[in-house]
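Working through the structure, step by step
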Amino acid sequence: MVRRVAVIGAGAGGLASVKCCLDEGLEPTCFESSEDIGGVWRYTDSTDCRRVTVYRSVITNTSKEMSCFSDFPFPEDFPNYLPHSLVLEYLRMYARHFDLLRHVRFQTTVLSVRKRPDFSTSGQWEVVTETHGVRESHVFDAVMVCTGHYQEPYLPLASFPGIESRFKGQRLHSREYRDVQAFRGKRVLVVGIGNTGGDLSVELSRVAAKVFLSTRSHTWVISRVSHQGFPLDMVGTTRFNSFLEWLLPSALTRRIKFRKFNSWFNHTNYGLASSKSSKFKMIINEELPFCLLSGTVVLKPNVKEFTESSALFEDGTTEENIDVVLFATGYNFSFPFLEEPVRGTIDDNRSLYNCIFPPQLEKPTLAIIGLIQLTGSIMVGSEMQARWVTGVFAGWNKMPPSSRMMAEVLKRKPPVKRDLSERENLKMSFISYVDKIAACAGVRPSVSRLLLTDPQLALAIFFGPCSPYQYRLVGRGRWSGARAAILTQWQRSLRPLRTRLLPDSSSSSSGCCWMCLLALPAALTAAWLFSKCPQPGWSPRAG
């Protein structure tokens, strides 16, 4: 019987885990190595500490309505896309509202997590912590690891001959970047074109003498601002769109996407991507196309090697007098406190059942929360994981036999371990994954059932944004405010824009209701087909 739960980390995933434990009547103790909550969202100017933090100018890539905890919306007057200071303020509001801080032990580092000798029958763990030099040993019935995957910088220096032996300039990882001041007037080479690489290239272009952005990937660049100015994820992340992806041939859906991406600007002309490429990534950046168009950022292929002050590229070109090489190459995850037999089995999230539970354990009392990358908000995904996990701990949600979990894990794992730069293993469809975990927890809404009992809500759920509130309509943890939150989410997205009302201004979201009513016959058919999709959860066909 699980009663006492150790939660490691007081970031967004850790706070959600503490709250979910309390909802299930469990007794959580959260260990946070720093002096405050917030995790990566608590910005600091210091680059000396081991704690990873966002850079000063970061803005969220997912909007507030699609990123909040499912029973605690962001304040209406918060902007749709948020700076780190407002994300941290929201996390503080969440912790205060649900009285979570009394369960957090700050400046306490977890040194080790080991199975107790009787683990096969008790499922218990021995957790050793250190606070101000004083070590303590604790016994917990279960452990939730909420340290995320932004932990150890991934710096592939071996892939760039000369960077260590010959290059005389400065090199650093994006983890060490805070703002532009140290780069004023310099020639900077940014390696890697993920969201961070794109953001930093744009920001540096305002003060640097020149910025070069090196990539070996085909990359589609999209904007946060979508149809009629609404947030991209509110317009695009819908059950209807997800259903179409499942229904249509993958080649057709890919062609539709590429045409839509190129409607903003032709990516091939900019050297970013070709519609003929089968492997590609997507980043969110409104300013990068203009920087490329104006020449303040120059796109380059992969670096072949470095000399004392130059970078030689795979296309035979050379850029001289490089002052700084900034690696935006991502992170490795690590769990140094886990005992080796357990730690060694976690290569990536595909080693875990549903990206959460190590399937080899005799008892499902260890959960890894937040080791995911979704096409939507990780915060929402982590909360759903925590809801399911605490339901398992409390005995409400049942786990399949270990043999079945192992079979599913082996089915997902590739035969050869890949280099981090080639991994796509952490990236998953937001709706597919969250729906799958919600089905396990018994909180996935049924569109077909709602069509019979509440058609207005059913249409909003199917055609509108797949916002977190949908997962508070049914099952354990049902929230009475979920329906109202869903039906008013478009208005809340407009609220922070109402700072100057025009004489003829009217709600641009009102047309959505008429569209939904006109779509009722199609919705009935689609909902029936939707209910026939594989359960629990389903994913778009692989391309």
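This report concerns the structure included in the present document.

Each value, and the rule that gives it
Residues numbered from 1 in each chain as written. Predicted model: local features only at pLDDT ≥ 70, side-chain atom pairs only at ≥ 80, totals over all residues. Heavy atoms only, no water. Pairing = 2+ DSSP bridges. Helix = DSSP H or I, 4+ residues; strand = E, 2+ residues; numbered from the N terminus. Axes fitted to C-alpha atoms, helices over the stretch in contact; angles between N-to-C directions. Phe/Tyr/Trp six-rings, centres within 6.5 Å; stacked < 30°, edge-to-face > 60°. Lys NZ or Arg CZ within 6 Å of the ring centre and 35° of its normal. Parallel < 35°, antiparallel > 145°, perpendicular 65-115°, else oblique. Left-handed = near helix turned anticlockwise from the far one by under 90°. Contact = heavy atoms within 4.5 Å. Nonpolar A, V, L, I, M, F, W, Y, C, P; charged D, E, K, R; others polar. Expected span 1.5 Å × (residues − 1). Buried < 20%, exposed > 50% of the residue type's maximum accessible area, 1.4 Å probe, protein only. Core = buried A, V, L, I, M, F, W, Y, C linked by side-chain atoms within 4.5 Å.

1. Description of the sheet that holds strand 4 (residues 108-115)
Read across the sheet, three strands follow the order 4-5-6 without closing on themselves; strand pairing throughout is antiparallel. Each of the sheet's edge strands pairs with one partner strand only, and the pair in question is strand 4 and strand 6 (134-140). Between one strand and the next, the sheet's axes are offset by a mean angle of 20°, whatever the strand orientation. Bridging between strand 4 and strand 5 (residues 125-131) involves seven bridges; their strand directions are antiparallel.

2. Re the packing of aromatic side chains
Considering all chains together, one arrives at 32 aromatic pairs under this definition. Taken together, a centroid distance of 6.4 Å and an interplanar angle of 50° make the contact between Tyr 469 and Trp 479 tilted. Taken together, the residues Tyr 469 in the loop between helix 15 (455-463) and helix 16 (482-487) and Trp 479 in the loop between helix 15 and helix 16 connect sequence positions ten residues apart. An aromatic cluster is defined as three or more aromatic residues linked by ring pairs; in this entry it consists of Phe 69, Phe 72, Phe 74, Phe 78, Tyr 90, Tyr 94 and Phe 98. Between Lys 300 and the ring centre of Phe 313, over which it is positioned, the NZ or CZ distance is 4.9 Å. When the ring centre of Trp 396 is taken as reference, the NZ or CZ atom of Arg 476 above it lies at 4.0 Å.

3. Some points on the packing of helix 1 (residues 12-23) against helix 11 (residues 378-394)
Where helix 1 contacts helix 11, the two axes come as close as 9 Å, and the packing angle between them is 30°. The angle between helix 1 and helix 11 falls in the class roughly parallel. Regarding helix 1 and helix 11, the two cross each other, and that crossing is right-handed. Residues Ala 12, Gly 13, Ala 16, Ser 17, Cys 20 and Cys 21 of helix 1 pack against Met 379, Ser 382, Glu 383, Ala 386, Arg 387 and Thr 390 of helix 11. Across the contact of helix 1 with helix 11, the residue classes break down as six nonpolar, four polar and two charged.

4. Here's the deal with helix 3 (residues 84-97)
For helix 3, which comprises 14 residues, the first-to-last C-alpha distance of 20 Å matches the rise-based estimate of 20 Å (1.5 Å per residue) to within 8%. Within helix 3 the residues assigned to the buried category are His 84, Leu 86, Val 87, Leu 88, Tyr 90, Leu 91, Tyr 94 and Ala 95. Among the structural elements, helix 1 and helix 11 are those in contact with the buried residues of helix 3.

5. A short note on the nonpolar core
Formed by 77 residues in total, the largest nonpolar core has its most connected members in Val 5, Phe 69, Tyr 90, Met 144, Phe 357, Trp 388 and Phe 393. A total of eight residues in this core trace back to one element, the largest contributor, which is helix 11. Setting aside anything within four residues of it in sequence, one finds Tyr 90 in contact with Cys 68, Phe 69, Phe 72, Pro 73, Phe 74, Pro 75, Phe 78 and Met 379. Counting 30 residues, the second largest nonpolar core, distinct from the first, contains Val 180, Leu 200, Val 211 and Ile 283.

6. Looking at unusual backbone geometry
One non-glycine residue with positive phi stands out, namely Asp 99, at about 55°. Structurally, Asp 99 can be placed in the loop between helix 3 and strand 3 (104-105). In this structure, Cys 355 takes a positive phi of about 65° despite not being glycine.

7. Quick word on the packing of helix 1 against helix 3
Contact pair helix 1 / helix 3: the axes reach a minimum separation of 11 Å and the direction vectors enclose 15°. Between helix 1 and helix 3, the crossing angle belongs to the class labelled roughly parallel. When the axes of helix 1 and helix 3 are compared, the crossing they make is left-handed. On helix 3, the residues touching Ala 12, Leu 15, Ala 16 and Lys 19 of helix 1 are Leu 91, Tyr 94 and Ala 95. Within the contact of helix 1 with helix 3, the residues separate by chemical class into six nonpolar, no polar and one charged.

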